[in-house]
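What follows is the residue order along each chain.
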Amino acid sequence: MSSTPRRRLAPDALVAGGVVVLLVILVAVVFLTGIGRSLYPPDAATTQAQDTRDLYNIVFAIAVAVFVAVEGLILWSVIRYRRRPGDDELPPQTHGNNLVEIIWTLIPTVIVLYLFAISYQTLNQVDALSAQPDVQVHAVAAQFQWKFEYLDGSGNVLATQTVPFYATTSADCPKTQEALTNPACGGMALPVGKSVQVSLDSADVIHAWYVPRFLFKRDVVPGQTNRFEFTIDAADVNQVFRGQCAELCGTGHATMLFTVLGLSSGDFNTWLTSLEALNHRTPPPAPSGATTLQLTAHNIAFDKSSLEVAANQPFVIDFKNEDPGIPHNVQIEQSDGTVVQAQPTIDGGQETNYQFNGLPAGTYTFICVVHPTIMHGTLTVH
Amino acid sequence: MTAEGQVMQPAAIGADHGAAAVSPHARRGISNPILGMLLFITSEVMFFSGLFAAYFSTRAQDQPWPPAQFAHTLNPLSLILVATVILITSSFTCQFAVWAIRRGDRRGFIRNISVTFVLGIAFLLLQAYDYSLLFGDGLTIASGPFGTTYFTLTGFHGAHVFGGVLMLGVILYRGMSGQFSAKHHDAVEAVSLYWHFVDVVWIILFSVLYLL
Amino acid sequence: MATQVLTRPTTVYRSGLYEWLTTTDHKKIGIMYVINSFLFFLIGGLFALVVRSELAQPGLQVVADEHVYNEAFTIHATVMIFLFIIPMLAGLGNYVVPLMVGAPDMAFPRINALSFWMLPLGGILLLSGFLSSGGAAAAGWTSYPPLSEVGPLKSPGVGEDLWIVAIILIGTSSILGGINFLVTIFKMRAPGMTLFRMPIMVWTILVTSVLVVMATPVITSALVMLFIDRNYGGHFFDPFGGGNALLYQNVFWFYSHPAVYVMVLPAMGIVSEVLPVFSRKPLFGYKAFIFATAGIGALGFSVWAHHMFTTGSVFLPFFSLMTFLIAVPTGVKMFNWVFTMYRGKLTFSTPLLFAVGFLTMFLIGGINGAFSASVPVDFALHDTYWVVAHLHYVLFGGSVFGVFAGIYYWFPKMTGRMLDEGLGKIHFVLMIVGFNLTFFPMHILGLEGMPRRIADYASDAGWTDLNLAATIGGFMIAASMLPFLWNVFVSLRNGKIAGDDPWEGNTLEWATSSPPPPYNFDRLPEIRSERPLFDARHGRVVHEAQA
């Protein structure tokens, strides 16, 4: 025997309606207060990003309109057309209406075609490449670090930045203006107001070059060189833009960070010249009598997990990289993560002497900055 | 409910609908097992489409194709042509078997299915021997994209032929124990559809890999 | 107005374990599908809690290292997609489709059983990766090469191979099920049930099954090729050996995009059954709805590369246009649902609440998807938490709410007992609030630049508060399972006896006892429209009002 739905429904309807009204209020709060602005991408830092943001404005406006209209219709129907307790009469059994079907097929089609058209227009602006960009950079992604090669007009490498992340935490790189023009502090410096074309290559798996303030990312696909171009707004000079790998590339994916530095043309030239000098610098011979520690990288692992050295005395790490095609380095960090001294990476088959100033007694970590989660150890200074 | 999926429909209340005149067996048209086999073949076609898409995409980006060291390894006028003829012939004998059982000729059915079965095995043996010749020429699944695509495509085709041979064996056995008649032989129809599919895939494969 | 009783009430047919293990009855198989899928929902949910617990604060507090985190989100998504949603909807379909078309069972009952048993086997294979030395698969549920190939920093362990084999097995189960549904629907409908009198649930299962049969084999081919690359020295996808990494993505997404319609269309079918019953009106625009569903199915094959907009080798305008266009039939359905409720008389049963939850949440998922259809906007949002928000609004806000609507709606038919409405409402409220708390902040996180699949984030990134909020929401969703499970446990023993037709339903499954006898029907009512039971109950109401 069937049962008609129980009569005790009005309170349930109010509870459900109440929840729904609560959600509506939450959404309204989001929009009407400052929090609502977070439903926007960050302020654009390039001309292309501004084009994208302008497009976003329109898409967002339409989205809000559709949301309010349809969600409103749903909620209104749910509240207005509640069955009153005891009302057993059937409502009009409307099966449909062809005219209305046509209307709500045509109007959304027009809206989406409009959205497609403006998106396509913006896409052509964002994806445009010029024949003679002002600056050309070749970004090479590898597990788990970026390398930025600055090219001249014919595609030859002028200088290579192997410290992709700009950090002002170590003694060499304080939080000052000077640090911005010192390539040893890291980062991919670029001149503002000039067209920059970046080509992307991968040494191993798929990565992605992503800078949120540029509202842009592009995959780095091994076997294929992707290319894109942008111009940083002149108003964003001396700004630091975070970047990050945005395509799962393994265990070090979350740490594959980089920074873009927007500099004036003059500062950028200074920076690039310093980088060239840094690349060509021959390291001075180790001071005689300085302690030399031996360390080797093989199969993406250090051959020692602990090192010891005396306090307050300069020392040298004689480092061999035995992994062909894979860059490594040795970097020392304090227990709070502060980098003691940034060191350049070397390619497989090379050997170098990393020189370190004397350290106060304590426990430090040494890592390979390219593979920090796998290659690490403890340095005890006593 | 019978094992074959022919379903008895429950009688409906009321007499004034034309559908009541239809027999209680399944709706007119092809039977359930045959529709099922056609859908299965559709899914197999899509599987091979994925492999073919990979082949054409790889071929387009890897020039020259074939690579220089394998320029003449895949020779259409070789053992593989014999295997092709054998497989095509087996499709004919398979169809003869279907026609035979449709008119109730059990002996003709068994004869033709046996030949089809043997031809299928012959194809597999020739394919295996041909593989060994190719290995001798240095073409393997690991020798580069050319080898990988070749052995993947022909290997999965061979696996499907093997499955088809097993099915032929089953209907041969069932035929010999008298389970088929002119009115009831859905399994034969279904298996023959599968066998023709396997043959068509081979013709396409042979053309694409050896002739194009 | 009481429903005419068409069969004598039967006592619940108690079956032993052996009966359940060897059954070919679609109703038992359907129930096993539902239970198995629900168990995997809980397992997938546990992995989600691992992910959320780790992300609540910067720093690695919960997982031992990043590799374990990568395993967690990989297995979370894989389990949810292949072992929960797809089979759960297939299972509900398995139970109701033969009943709704008036058939005594599915076309191939033994293959039906085989399809089911491949699922726990596939699940065990997948999860057994955790017992191997390299751990379970950790390259994401998308498993892109070269990361999913063998190599020291890639996926050297056997966990990835187990993942491949498990999905091939589960995919095969899916294909067999799809074939079964199509033959049942085309060949075994009761007399009088023309195609255009079938319930929408059956139509959505039909279109879904076409997608399953045509698209699933393509992912099988992609996985087979990946397996060959990994284990036989193949060169399909390795770019340094003549292969192409993006080839995998194209073949993979050719299936995986239609797969999202496999995951949502049957849930839409459920909503299309529940709304008319609890509005006491027919579904508005039945035929338009069918064409919209078929349109989504067809268009769904033409948009796959919108997952690859940032790869630099996609014909962008075509895929962007098709992606925008697919919003149109989806919108048609949304309006048809709303106008089903409009001028109806709504009863706020738990199934209706979940159906309305579907409408409100799926709408958001559809809208935020439109942002991603715009290529330049996608350049900013792809592979960020925006996409995580989008996919969960459509798959959880959509499909999961639809699934629960179906469970609450058909539980009385399956068990003969009613679920408690009060507990159902608590479940609904906890779930919808927890769901929005978890996933709405992710829109903001994505816009601010938080990428997907990162085990950790910088403490100065400004993402901590929203991540913490999302984690709290996640635990709320978990908590909402408690009233549900308690409800099921209690109602199975002491729930109110349901009878044949507790909801005044429209379709044939309510024309037999609860639960139905093994052969489903003693007799069927006359079938003259898509609501044969409504017609029988109201003596074929003839006046059709046009809006």
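Just so it is clear, the model here is predicted, and its values are computed rather than measured.

### A few points about the overall build of chain A
- In terms of helices and strands, chain A carries five helices and 18 strands.
- Scored against the burial criterion, the 382 residues of chain A give a buried share of 37%.
- Counting contacts in chain A only where the partners sit at least 6 residues apart, residues at least 24 apart contribute 68% of the total.

### Structural notes on the overall build of chain B
- In terms of regular secondary structure, chain B is built from five helices and zero strands.
- With 212 residues in all, chain B has 35% of them scored as buried.
- Of the contacts made within chain B by residues no fewer than 6 positions apart, 77% connect residues no fewer than 24 positions apart.

### Notes on the interface of chain C and chain A
- Taken together, the contact pairs 96 residues of chain C with 86 residues of chain A.
- Only α3 (66-100), α7 (245-279), α8 (286-299), α9 (316-325), α10 (327-341), α11 (350-373), α12 (375-381) and α14 (421-448) of chain C provide two or more residues apiece to the side of chain C that touches chain A.
- When residues of the side of chain C that touches chain A are assigned to their parent elements, the largest contribution, nine residues, is made by α14(C).
- Within the side of chain C that touches chain A, the residues separate by chemical class into 55 nonpolar, 24 polar and 17 charged.

### Remarks on the interface of chain B and chain C
- Every contact between the two is made by 40 residues of chain B and, on the other side, 40 residues of chain C.
- Counting only elements with at least two residues in the side of chain B that touches chain C, the list comes to α1 (32-61) and α4 (145-176) of chain B.
- The greatest single-element share of the side of chain B that touches chain C, amounting to 18 residues, is contributed by α1(B).
- Considered class by class, the residues forming the side of chain B that touches chain C number 21 nonpolar, 16 polar and three charged.

### Looking at unusual backbone geometry
- Cis peptide bonds are those with omega within 30 degrees of zero, and the linkage from Q143(A) to F144(A) qualifies with 5°.
- One can find F144(A) in the loop between β1 (135-142) and β2 (145-151).
- Going from Q63(B) to P64(B), the amide bond is cis rather than trans, its omega being -5°.
- Take P64(B): it is sitting in the loop between α1 and α2 (79-102).
- Of note, the phi angle at R280(C) is positive, near 60°, even though the residue is not glycine.
- Within the secondary structure layout, R280(C) lies in the loop between α7 and α8.
- Here R280(C) falls in the buried class, since 21 other C-beta atoms lie within 10 Å of it.

### Examining helix α4 (residues 109-127) of chain C
- The end-to-end C-alpha distance of α4(C) is 28 Å, a good match for the 27 Å that 19 residues give at a rise of 1.5 Å each.
- Residues of α4(C) that are buried sit in contact with α2 (26-55), α3 and α5 (158-187) of chain C.

### Side note on the pairing of strand β13 (residues 315-321) of chain A
Residues and elements named next belong to chain A.
- Most of β13 sits out of view: five of its seven residues are buried.
- Pairing geometry for strand β11 (residues 291-297) and β13, over seven bridges, is parallel. If you follow A297 over to β13, its bridge partner there is N321.
- Here β13 pairs with strand β16 (residues 351-356) via six bridges, running antiparallel. Following the sheet pairing, V316 is matched in β16 by Q355.

### Things to note about the nonpolar core
All names here are of chain C.
- Membership of the largest hydrophobic core comes to 336 residues, with the highest contact counts inside it found for V101, V202, V271, V274, A355, F358 and A405.
- In terms of residue count, the dominant contributor to this core is α7 (23 residues).
- Those residues in contact with V202 that lie beyond four places of it in its chain are V97, M100, V101 and I185.

### A few points about the sheet that holds strand β14 (residues 331-333) of chain A
All names here are of chain A.
- Here five strands make up an open sheet; going across it, the order is β12-β18-β17-β14-β15 and the pairing mixed. Pairing within the sheet leaves two strands with one partner each, and these edge strands are β12 (306-309) and β15 (339-341). Along the sheet, successive strands turn relative to each other by an average axial angle of 35°, direction set aside.

### Concerning the environment of L125(B)
- For L125(B), the location among the structural elements is in helix α3 (residues 106-136).
- With 12 C-beta atoms counted inside 10 Å, the residue L125(B) sits in the exposed group.

### Topic: the sheet that holds strand β10 (residues 257-263) of chain A
Residues and elements named next belong to chain A.
- Here five strands make up an open sheet; going across it, the order is β4-β10-β9-β6-β7 and the pairing mixed. Looking at the sheet topology across the chains shown, the edges are occupied by β4 (188-191) and β7 (216-220). For this sheet, the mean inter-axis angle between neighbouring strands, taken without regard to orientation, is 25°.
- Bridge analysis of β4 against β10 gives four bridges, and the strand direction is parallel.

### A closer look at the pairing of β10(A)
All names here are of chain A.
- Among the seven residues in β10, six count as buried, and that is most of the element.
- Examined bridge by bridge, strand β9 (residues 239-245) and β10 share six bridges and lie antiparallel to one another. Paired with R242 across the bridge in β10 is T259.

### Regarding the packing of α3(B) against α4(B)
Residues and elements named next belong to chain B.
- Packing of α3 against α4 leaves a shortest axis separation of 9 Å and a crossing angle of 155°. Taken together, the axis directions place α3 and α4 in an arrangement best described as roughly antiparallel. Regarding α3 and α4, the two cross each other, and that crossing is left-handed. From α3, R106, F109, I110, I113, S114, T116, F117, G120, I121, F123, L124 and Q127 reach across to α4, where they touch G158, V161, F162, G164, V165, L168, G169, I171, L172, G175 and M176.
- Of the residues in the contact of α3 with α4, the class split is 14 nonpolar, eight polar and one charged.

### Quick word on helix α5 (residues 265-280) of chain A
Residues and elements named next belong to chain A.
- For α5, spanning 16 residues, the distance from its first C-alpha to its last is 23 Å, which sits close to the expected 22 Å at 1.5 Å a residue.
- Those residues of α5 not exposed but buried are F268, W271, L272 and L275. Axial view of α5: buried residues confined to an arc of 95°, hence all on one face. In α5, those exposed residues whose orientation departs by more than 90 degrees from the buried face are G266, A277 and H280.

### Here we look at the arrangement of the chains
- In this assembly, two pairs of chains are in contact, and the pair with the greatest number of contacts comprises chains A and C.
- Chain A shows no contact with chain B. Their nearest C-alpha atoms sit 11 Å apart.

### Details of the confidence of the model for chain B
Residues and elements named next belong to chain B.
- Taken as a whole, chain B shows an average pLDDT of 89; of its residues, 87% reach a score of 70 or greater.
- Counted against residues more than four places away or in other chains, residues 1-26, with its pLDDT under 50, gives 45 contacts.
- If you check the scores for this complex, the pTM reads 0.91 and the ipTM reads 0.93.

### Here we look at the environment of G243(C)
- On the secondary structure map, G243(C) appears in the loop between α6 (200-231) and α7.
- Placed 14 residues apart in sequence, G243(C) and D229(C) show a C-alpha to C-alpha distance of 9.8 Å.
- Residues within four places of G243(C) in sequence aside, it is in contact with T58(B), P145(B), H235(C), F236(C), F237(C) and D238(C).

### Some details on the confidence of the model for chain A
- The predicted model of chain A averages 88 in pLDDT, with 90% of residues at 70 or higher.
- In the predicted structure, residues 1-9 of chain A sits below a pLDDT of 50 and forms 20 contacts with residues beyond four places in sequence or in another chain.

### Overview of the environment of T47(A)
Residues and elements named next belong to chain A.
- Relative to the assigned elements, T47 resides in helix α2 (residues 47-80).
- Given 15 C-beta atoms within a 10 Å radius, T47 is considered partly exposed.
- Each C-alpha atom, one on T47 and one on I332, is 39 Å from the other, the two residues being 285 residues apart in sequence.
- With sequence-adjacent residues up to four places away left out, T47 is seen in contact with T231 and D233.

Calculation notes
- Residues numbered from 1 in each chain as written.
- Chains lettered and ligands numbered in written order.
- Predicted model: local features only at pLDDT ≥ 70, side-chain atom pairs only at ≥ 80, totals over all residues.
- Helix = DSSP H or I, 4+ residues; strand = E, 2+ residues; numbered from the N terminus.
- Buried ≥ 20, exposed ≤ 12 C-beta atoms within 10 Å, placed from the backbone.
- Contact = placed C-beta atoms within 7 Å.
- Nonpolar A, V, L, I, M, F, W, Y, C, P; charged D, E, K, R; others polar.
- Expected span 1.5 Å × (residues − 1).
- Pairing = 2+ DSSP bridges.
- Core = buried A, V, L, I, M, F, W, Y, C linked by C-beta atoms within 7 Å.
- Axes fitted to C-alpha atoms, helices over the stretch in contact; angles between N-to-C directions.
- Parallel < 35°, antiparallel > 145°, perpendicular 65-115°, else oblique.
- Left-handed = near helix turned anticlockwise from the far one by under 90°.
- Arc of directions from axis to C-beta.
- pLDDT = per-residue confidence, 0-100.

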